[in-house]
Amino acid sequence: MSDITASSKAPGLPEEWREPLIWLAILCTITALFLPLAFLAGDDGIAKPLRSPSGLCVMLIAGAIASVRFQSWLGDLLLFLSSHLTAGILLFMVPAYSGAAGWGFWLLLISSWLLAWQLVSRLSAHRLEGRLQTLLDLAIPIIFGLWLLLLWEMVVVGAGVPFVLLPPPSQIGARIAESLPLLWADFQQTFLLGVLPGYVIGCSAGFVVAVLVDKVPFLQRGLLPVGNMASALPIIGVAPIMVMWFGFGPGSKIAVVVIMIFFPMLVNTVAGFAAAGNMEKDLMRTYAASYWQTLLKLRLPNAMPFIFNALKINSTLALIGAIVAEFFGSPTVGMGFRISTEFGRLNTDLVWATIAVAALAGSTFYGLIALIERRITFWHPSARG
Amino acid sequence: MTTDAMASPSSTVRPGLLSRALSGTFLPVLVVVLGIIAIWYIAAISMNSTFQRSLDARAEATPTTIEFIESTLNQERPVLPSPHQVAENLWDTVFNKKISSKRSLVYHAGVTLAPTLLGFLMGTALGILLATIIVHVLSMEKSLMPWIITSQTIPILAIAPMVILVLDAVGIRGLLPKALISMYLSFFPITVGMVKGLRSPDKMHLDLLRTYNASSWQTFWKLRWPSSLPYLFTSMKVAIAISLIGAIIAELPTGAVAGLGARLLSGSYYGQTVLIWSALLMAAFCAAMLVALVGVADKWVRRRMGEKVEAGS
Amino acid sequence: MTEPSLKEPDSSEKSVIQIDDLSLTFETNDGPVHALSHIDLSIAEGEFVSLIGPSGCGKTTLLRVIADLERATGGTISVNGVSPEEARLHRAYGYVFQAAALYPWRTIDRNIALPLEIMGLSKKEQNSRIAKNLDLVNLTGFEKKFPWQLSGGMQQRASIARALAVEPHLLLMDEPFGALDEIVRDHLNEQLLKLWAKTNKTVVFVTHSIPEAVFLSSKIVVMSPRPGRVHDVIDCGLPRDRTLDVRETPQFLEIAHRVREGLKAGHSYDD
């Protein structure tokens, strides 16, 4: 009892002021005031320090303090405005100081980032109803992702990292806009001609074999460990062989994809078929249901969560397989080809543009399957909860 | 009960043995593996026959069917080498060469395994750290977790060679860049698995520790960590396999010097299919060993924890 | 090793289930387990028979043998005058499990349609039977709900409707209310009794609750374990239109007492 009363009467700051992120941000901002924002070359060739704009500093500190004074939505808004306005102004200024940014710049960047972090933790603690909560849950990672891009841009430009090593996102974006036809052709070659057919063939083959071995428990017991083993193997290593067999065209990419995704599909489908409960199977028996009726009406629907698990894993594997297979040989088009050749030519921005397209394609593909999964396995506890 | 069981021992033992052999996994797996080898032989014969026929036509030879099949299985550079050719090559490069020799497959496997293990350890450490932060800091969970899941859908493996070259340009060479690729690939499964694992203790157990006024540090070590171990080992099996794949792929752009990936690449440059297949089988063997090793550690830890639980209760 | 079981004299009514000297032995790694040993039992049409006993006495196994979910290793059994397998192939009975076992991806009406689809009935016939049986268990209006949107008691009622939809003369129920709380259970017991009175089906009901068995049954079969055997068969003469209040009557208490004594005598307290 005495402990509790003692701790509640602890001296020091009131509860709402105990925000380490806020204090750190204020400290950074004040320090930034006395440090140069950047060194600009004067007429005489000597770099002259540029003072940090005090307006920005005042705005940051005001935002930080206001957010503590107003614990409501108003505080969140002020926090959002002060951190993102500062970041925006810094982003606007940074091209002028490319490679010449001083400590003042970095400290201001850090303190605006700290305030954004504080905003995210405040938003995370909010509890809203229904749709608004969904929107908030979407907004939080978006803010996080935007800041990743922002920091990438500022660090690369501000510190003057050679673009060949790591181009800033803005340049990658510009490159994407510039070379849309090229990227589209690569996407067609790799994704539409390689990944998709391979995905459909591989997944269907795994499923069909799972249905075929379902009637032979002996084969099943043999195939399951082998399949599980095969899922852990570096199957991607067959890529050079497939390129030898099927040539540089999409055929070899399809073959690699099929081989890579066959076993995950087989193993998951077999496991899904086996997952039907004893009581449910007995129920079908009391109805004198045939093997196919039991399969269609009980075991297949019941296996859907497992099957979709494989479909999701395979969507990622398929894209990797097709791109890596292109490293071993491809016509002069395709995402893997683009990545390897443009890197050789030091066109790093085009390499990154291709990677961005691959990432977008990969996550869209995955997201699409996850969406279908939600529609079909709506009844599963993991989807309901 | 016991008298009943002893009354008819012979009738239970005989079907028991047979059904045990049928219900176990050893025999079925053996049959499946033998089946795969048989299919391999048949495929080798059919795929190599075109080239063999043109060889025979040029030599104006008229071999019997047996001779023809024999020669399809023993070509210099077959489309699909037969299992015994690959086995011979494996035996030769594993046992008949000095380990330090560049012709030894053990040497190449070692070159690949070093970054695999280093990357795996770094990835596991990073994954556990991230999962711990995510479980304890709400804002990190909300902002980081969606990105961790999204990043798994991005074909990171496909850009691994490029990351290697970028690091090379900055001056990071040797073991570390390859290990970094492996780490990058292996921390995802660990993070996702550990977040699940650290969250796995049920509410009742957490409430019990709350009644003891346990600190979150104590809750972590006494409850969350032990109950997350099964999840950790499951994701470690995935992580170590993917870590090996990362190390192999990471070797592709370094100019094919050493390592299993380099063997694959040089084999495909020079059309030496036997070399590719033996490197592939070696990689498969390494993967199986690594996963088995994690499995052994898993069993060992489980047994120890099981004993502890029994002693405590 | 076996108690002399009371053999039911052949009643004037037609016997639906006839069991003679039935035994079932499971072969396990630890040797054979005698789940059922020399069971004799006869169940007449329209009876409500409860199988009661401690766990391991084989009451569920006996029900599963009747349903052809297990095969006997000795003795004879006939259901509707034919073997259990033939009876099953003719969909002669409806089976209700310990849990509702409704398919979570089907709505309640689709769940009840499941056996009807398997039997190949027309859509029209299916719909009329769904409506009729949902009404019978008071679930009209819940057709389009998914099972996980209903309470445990409602789920079990839906599963009873599913069993009835086959329109069997025989209803086999394996501790259908075991997982429900006392109040819901009482309510469902009352409903089941009304249903039985209305439809005049033969019911075989497995339970481990004495009040439930006495309240519902026209005949109680007391079983005992190791090996599973029939210890006693008790006829209850409670009026057919009874309500829950009957549980306060001396007649009820007397039957319950006899069941309890039977359970005690058959139970070996060696574990």
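Residues numbered from 1 in each chain as written. Chains lettered and ligands numbered in written order. Predicted model: local features only at pLDDT ≥ 70, side-chain atom pairs only at ≥ 80, totals over all residues. Heavy atoms only, no water.

Peer 1: Quick one: what's the story with the overall build of chain A, residue by residue and with numbers?
Peer 2: When helices and strands are tallied, chain A shows 16 helices and two strands. Radius of gyration (C-alpha) of chain A: 28 Å, far over the 21 Å computed for a compact globule of 385 residues. Taken along the three principal axes of its C-alpha coordinates, chain A extends 85 × 70 × 35 Å. In chain A, of all internal contacts separated by at least 6 residues, the share reaching a separation of at least 24 is 73%. When the accessible surface of chain A is split by element, carbon and sulfur atoms take 72% of a total near 18000 Å². Side chains of chain A give 22 positive and 19 negative charges; the mean places of these two sets differ by 11 Å. (Helix = DSSP H or I, 4+ residues; strand = E, 2+ residues; numbered from the N terminus. Rg over C-alpha atoms; globule rule 2.2 N^0.38 Å. Contact = heavy atoms within 4.5 Å. Areas by Shrake-Rupley, 256 points an atom, 1.4 Å probe, with all protein chains shown as cover. Lys, Arg positive; Asp, Glu negative; His and termini not counted. Charge placed at Lys NZ, Arg CZ, Asp CG, Glu CD.)

Peer 1: Would you mind going over unusual backbone geometry in detail, with residue names and values included?
Peer 2: Despite not being glycine, Asp68(C) shows a phi value in the positive range, around 65°. Of note, Asp68(C) is situated in the loop between α1 (59–66) and β4 (74–79).

Peer 1: Requested: an account of the interface of chain B and chain A, with residues and values cited.
Peer 2: Between chain B and chain A, the contact holds 56 residues from the first and 48 residues from the second. When chain B packs against chain A, the two sides together hide about 4200 Å² of surface, and 84% of this comes from carbon and sulfur. Along the contact surface separating chain B from chain A lie zero salt bridges. For the pair chain B and chain A, the interface holds one residue pair in polar contact (both at pLDDT 80 or more). For the side of chain B that touches chain A, the elements supplying multiple residues, two or more each, are α2 (9–23), α3 (26–59), α7 (138–152), α8 (156–170), α11 (216–250), α12 (260–269) and α13 (273–312) of chain B. Per-element accounting of the side of chain B that touches chain A gives the leading share, 10 residues, to α7(B). Looking at the side of chain B that touches chain A, its residues break down into 43 nonpolar, 12 polar and one charged. (Buried area = accessible area lost by both parts, 1.4 Å probe. Salt bridge = Lys/Arg side-chain N within 4 Å of Asp/Glu carboxyl O. Polar contact = N/O pair within 3.5 Å; in protein donor to acceptor, adjacent residues only side chain to side chain. Nonpolar A, V, L, I, M, F, W, Y, C, P; charged D, E, K, R; others polar.)

Peer 1: Account for the nonpolar core, naming residues and giving values.
Peer 2: Ranked by internal contacts, the top residues of the largest apolar core, which has 111 residues, are Tyr199(A), Leu311(A) and Leu260(B). Of the residues forming this core, the biggest block, 14 residues, is contributed by helix α13 (residues 291–327) of chain A. If we skip the residues at most four places from it in the chain, Leu311(A) touches Tyr199(A), Cys203(A), Met265(A) and Ile369(A). If you look at the next biggest cluster of nonpolar residues, it comprises 49 residues, including Ala163(C), Ala165(C), Val214(C) and Val222(C). (Core = buried A, V, L, I, M, F, W, Y, C linked by side-chain atoms within 4.5 Å. Buried < 20%, exposed > 50% of the residue type's maximum accessible area, 1.4 Å probe, protein only.)

Peer 1: Please provide a residue-by-residue account of the side chain of Asn302(A), values included.
Peer 2: Take Asn302(A): it is sitting in helix α13. When its relative accessible area of 17% is taken as the criterion, Asn302(A) is described as buried.

Peer 1: I'd like to hear about the domain arrangement of chain A, residue by residue, with values.
Peer 2: Reports of interface size often rely on the accessible area that becomes lost once the parts have come together. Domains assigned within chain A are domain 1 (10–161) and domain 2 (175–384). On a C-alpha basis, the centroid separation for the pair domain 1 of chain A and domain 2 of chain A is 42 Å. (Domains from an automatic or database assignment.)

Peer 1: Can you break down empty space enclosed by the protein residue by residue, with the values?
Peer 2: All names here are of chain C. Inspection of every chain in the model, using the stated rule, returns two cavities of 30 Å³ or more. Its volume calculated, the largest cavity comes out at about 40 Å³. Along the walls of the largest cavity sit Leu164, Leu171, Leu192, Leu195, Trp196, Thr199, Lys201 and Val203, which together make up its complete lining. Ranked by residues supplied to the lining of the largest cavity, first place goes to helix α6 (residues 182–199) with four residues. Here the lining of the largest cavity is composed, by residue class, of six nonpolar, one polar and one charged. (1 Å grid on protein atoms, 1.4 Å probe; cavity = no way out; pocket = protein on both sides within 12 Å on 5 of 7 lines; lining within 4 Å. Points joined across faces, edges and corners; volume = space filled by probe spheres on them.)

Peer 1: I'd like to hear about the confidence of the model for chain C, residue by residue, with values.
Peer 2: The share of residues in chain C with pLDDT of 70 or more is 93%, and the mean pLDDT across the chain is 82. Across residues 1–12 of chain C, where pLDDT falls below 50, the model places 19 contacts with residues more than four positions away in sequence or in other chains. (pLDDT = per-residue confidence, 0-100.)

Peer 1: Break down the interface of chain A and chain C for me, citing the residues and quoting the values.
Peer 2: Listed by partner, the interface residues are 18 residues for chain A and 25 residues for chain C. Here chain A meets chain C over a buried area of about 2200 Å², counting both sides, of which 68% is carbon and sulfur. Counting across the interface, chain A meets chain C through three salt bridges. A salt bridge links Asp68(C) to Arg285(A); the nearest nitrogen and oxygen atoms lie 3.6 Å apart. Here chain A and chain C share eight residue pairs in polar contact (both at pLDDT 80 or more) between them. For the side of chain A that touches chain C, the secondary structure elements donating two or more residues are α12 (278–286) and α13 of chain A.

Peer 1: Go over the sheet that holds strand β1 (residues 15–28) of chain C with me, naming the residues and quoting the values.
Peer 2: All names here are of chain C. As summarised here, the arrangement of the three strands in space is β2-β1-β4, forming an open sheet in which the pairing is antiparallel. Each edge of the open sheet carries a strand with a single partner, namely β2 (31–44) and β4. Each adjacent strand pair in this sheet contributes to an overall mean axis angle of 20°, direction not counted. Alignment of β1 against β2, held across 10 bridges, turns out to be antiparallel. When the bridges of β2 are listed, Glu27 appears paired with Pro32. (Pairing = 2+ DSSP bridges. Axes fitted to C-alpha atoms, helices over the stretch in contact; angles between N-to-C directions.)

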